[in-house]
Structure formats: structure tokens, C-alpha cells
Amino acid sequence: MKNIHRDNLTAVVQHSFAGISDERTRHLLEQLVGHLHAFALQTKLTHDEWRAGLGFLHEAAHITTDSRSEFSLMSDVFGLSSLVDLMSSRPGTTPGSVLGPFHARGSPWMTTPVNLLADNPGEVVLLHGSVKDEAGQPITNATIDFWQNADNGLYWQQDPEQSQDNLRCQFKVDASGCFELLTIRPKPYSIPTDGPIGKLFRASGRSHWRPAHFHIIVEAAAYQTLVTELFDPEDPYLDSDAVFGVRQALVTAYQPQNNAADMARLGLSQPYLSAEFSVVLPLARA
Ligand code: BEZ
Ligand code: FE
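Here's a quick rundown of the structure. (Residues numbered from 1 in each chain as written. Chains lettered and ligands numbered in written order. Predicted model: local features only at pLDDT ≥ 70, side-chain atom pairs only at ≥ 80, totals over all residues. Heavy atoms only, no water.)

This part takes up the sheet that holds strand β11 (residues 255–257). Across the sheet, five strands lie side by side as β2-β6-β3-β12-β11; this open sheet has mixed pairing. The sheet is open, and its two borders are formed by β2 (114–115) and β11, each paired with just one other strand. One ladder, built from three bridges, connects β11 with strand β12 (residues 272–280); its direction is antiparallel. Each residue of the ladder has a partner; that of Gln255, found in β12, is Ser274. (Pairing = 2+ DSSP bridges. Helix = DSSP H or I, 4+ residues; strand = E, 2+ residues; numbered from the N terminus.)

In this section: the site of ligand 1. Close contacts around ligand 1 come from 13 residues, with Asp76, Tyr155, Arg210, His213 and His215 the closest. Side-chain polar atom of Tyr155 to an oxygen atom of ligand 1: 3.3 Å apart, as the coordinates give it. Its free accessible area being 260 Å², ligand 1 has 99% of it covered by the protein chains. Elements with a contribution of two residues or more to the shell around ligand 1: α4 (70–77) and β9 (213–219). Of the residues assigned to the shell around ligand 1, the class counts are seven nonpolar, three polar and three charged. (Near = heavy atom within 4 Å. Polar contact = N/O pair within 3.5 Å; in protein donor to acceptor, adjacent residues only side chain to side chain. Areas by Shrake-Rupley, 256 points an atom, 1.4 Å probe, with all protein chains shown as cover. Nonpolar A, V, L, I, M, F, W, Y, C, P; charged D, E, K, R; others polar.)

Surrounding the iron ion (ligand 2) are the protein donor atoms Tyr155 (OH), His213 (NE2) and His215 (NE2), which sit 1.8 to 2.1 Å from the metal. All donors of the iron ion (ligand 2) belong to a single chain; written as a sequence motif, their spacing is Y-x57-H-x1-H. By relative accessible area, which is 3% here, His215 ends up buried. (Donors = N, O, S within 2.8 Å, 3.2 Å for Na, K, Ca; no water. Buried < 20%, exposed > 50% of the residue type's maximum accessible area, 1.4 Å probe, protein only.)

For Thr112, the position within the fold is in the loop between β1 (109–111) and β2. Only 2.9 Å separates the side chain of Thr112 from the backbone nitrogen of Glu180, close enough to count as a polar contact. In contact with Thr112, other than residues within four places in its own chain, are Phe171, Lys172, Val173, Asp174, Cys178, Phe179 and Glu180. (Contact = heavy atoms within 4.5 Å.)

One pass over the full model with this rule turns up six aromatic pairs. Taking the centre distance of 5.7 Å and the plane angle of 90° together, the rings of Phe102 and Tyr189 count as edge-to-face. Remark: Tyr189 occurs in strand β7 (residues 189–190) and Phe102 occurs in the loop between α5 (80–87) and β1; sequence separation between them is 87 residues. Judged on exposure class, the residue Phe102 and its partner Tyr189 are both buried. For the ring pair Phe146 and Phe214, a centre distance of 5.3 Å and an interplane angle of 40° mean the geometry is tilted. Of the two residues, Phe146 is situated in strand β4 (residues 143–147) and Phe214 in strand β9; the sequence distance between them amounts to 68 residues. Classification of Phe214 by relative accessible area gives buried; the value is 0%. In this structure an aromatic cluster arises from ring pairing among Phe102, Tyr155 and Tyr189. Of note, Arg185 hangs over the ring of Tyr254, and the distance from its end group to the ring centre comes to 4.5 Å. (Phe/Tyr/Trp six-rings, centres within 6.5 Å; stacked < 30°, edge-to-face > 60°. Lys NZ or Arg CZ within 6 Å of the ring centre and 35° of its normal.)

A few words on the nonpolar core. The biggest cluster of nonpolar side chains holds 41 residues, and the ones touching the most others in it are Leu127, Val131, Ile144, Phe146, Ile216, Val218 and Leu281. Listing elements by their share of this core, those giving two or more residues are β3 (124–132), β4, β5 (168–172), β6 (178–184), β9, β10 (226–231) and β12. Counting eleven residues, the second largest nonpolar core, distinct from the first, contains Ala60, Leu73, Ile191 and Ala242. (Core = buried A, V, L, I, M, F, W, Y, C linked by side-chain atoms within 4.5 Å.)

So, about empty space enclosed by the protein. Following the criterion strictly, the structure yields one cavity of 30 Å³ or more and no others. Volume-wise, the largest cavity comes out at about 100 Å³. Contributing to the lining of the largest cavity are 14 residues, with Gly100, Pro101, Tyr189, Ile191 and Arg210 lying nearest its centre. Listing elements by their share of the lining of the largest cavity, those giving two or more residues are α4 and β9. Classifying every residue of the lining of the largest cavity gives nine nonpolar, three polar and two charged. (1 Å grid on protein atoms, 1.4 Å probe; cavity = no way out; pocket = protein on both sides within 12 Å on 5 of 7 lines; lining within 4 Å. Points joined across faces, edges and corners; volume = space filled by probe spheres on them.)

What follows covers helix α2 (residues 23–43). The terminal C-alpha atoms of α2 lie 30 Å apart, and with 21 residues this matches the ideal 30 Å at 1.5 Å per residue to within 8%. Just beyond α2, the residue with positive phi is Lys44, at close to 50°. (Expected span 1.5 Å × (residues − 1).)

Shown next, in the form of C-alpha cells:
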């Protein structure tokens, strides 16, 4: 008979995973058990508090669907998503930032210069930039997956008035590793507050807003894939992002442009804003 008591419980539970053959998975589970038990011991967790915690998880499960995960949101608002992003970012390369729930695979393929304006209202922005390696050489086989919200602050998944391909695309950079993309200025956005995370935010007085941003995934063979965002420096929520995604290197100024030749080349009849995003990708880990 195994006599389980306070001093051997953690080790016994950790040992129960000894049969897992993958060493890393086993290590992660042992550490998870160790940290969970340490949390309960250090806080002297009571039955009522433990039940309240489980209730929070039950509510999260209840509101979670295929297209809306309260658990991913939990990871975002507790800063875990950002911590994992930051741990994988190498100094001197473009930092990662949260993926968020509105990435959908299979965006339409387009060619740079990309034009996503369609009939979207909003301020016109030319996003332009390059993808380079750590030595400053262009990465000419890079592809970019791009998505953003519309002028009403909503992503296409949240707004039946938008087509499912609105304000999203994939494209290859050109032969010099550069790109241009005509779009509209994104708007600040509230994370979903109708679930347990919303209750937590109301109880803590935390801001549920995200500053306006573009979402960008950059991929190239032999390089680490970068999932990141680009922020508007004039946004009122830049210092209080609900999911901690803002990094200095991901904030870019919007410059007014009114050069007639550029406007003609871009097919624009009005002045526009331009924003630059130059990406540095690290080589993939061997
Ligand atoms: C977003 O960028 O849209 C987002 C990111 C994290 C949580 C919710 C929304
Ligand atoms: Fe977003």
C-alpha cells in the first residue's frame, strides 16, 4: 500500500508520468505538477478557492467553440503567449507577438504591390518594407500572411457585412525581398468580454482594449517563422494592451504622403499615409 501524505504526494504524482517515453513531454508534466503543487502549498489554497478556480475553467470550457477559445485568451491575458513569443525571439531580429484568434488559413494569394482597399472605408495606408537575414541580405523567397480589422474595429469573422476575404491576404516578397501593401489604418479592438475573462477584467479594472495593429506572419525556407504584429504609435491603448503584445520594434510611424506620381502609381486619387515594416528573420535552429 502506498501511504500518500503531504510530503510525498508531489513526487508520487510526478512519478506517475514516468511511463511517458518522450523525455521532453515527461519533463514538462513533472514540472507542471511540481509548480501546481507549490502554488497550492505557498498560497495555502482552500477548498473554496480551489472550487472557484475549477469553476472559472468550467466557464471557459462552456463558452469555448471551434472558432472562439477562452483558453487561448486566458494564455494571452495572463501574458503566457507573450512570454513564449519573447523567449523565442533572438536579439537583433524582429520580435514576435501574439497570433490572436482571427488568423484563418487559406487567405487569397496576391502579388506585391498588394491592394486590399476594395470598398473599405478608412484612412488609406501604404505598408511597405523588406524581409532580410541577420547579415542584412534580402530573403527573396519569403512569404507574408497578413490580416487586420476593418474601420469599424471588427474582423471579418465578427461582421456579417464583410466578405470572408476582407483585409487579409498572402503574398511573396519581390526579387529584392521587398513588398508594398495598400490597406486601411486598423482600429483599436476589444477582446471578447462575455466569458469568465471578461468578469476577471471587470473585477480588476483592467482595460480590455488592444491597440490598433496589423497581423503578419513571415515564413521562408531555412528561417524561423515569425508571427508578429505592427502597432500604430498614435493609438491611445499602446501602453495598456490587454494581451501585452506591444514591443518598441513593432511600433511604426504613419507618415502623410501627397506625391502626385506616387499616388498615380498606386492608383490613388487622394493623399495617403505610409508605414514601414522591415523584418529581420533568424535562421531556423538546427
Ligand atoms: C487580436 O489581435 O485580435 C486578439 C489577440 C489576442 C486576443 C484577442 C484578440
Ligand atoms: Fe488582432
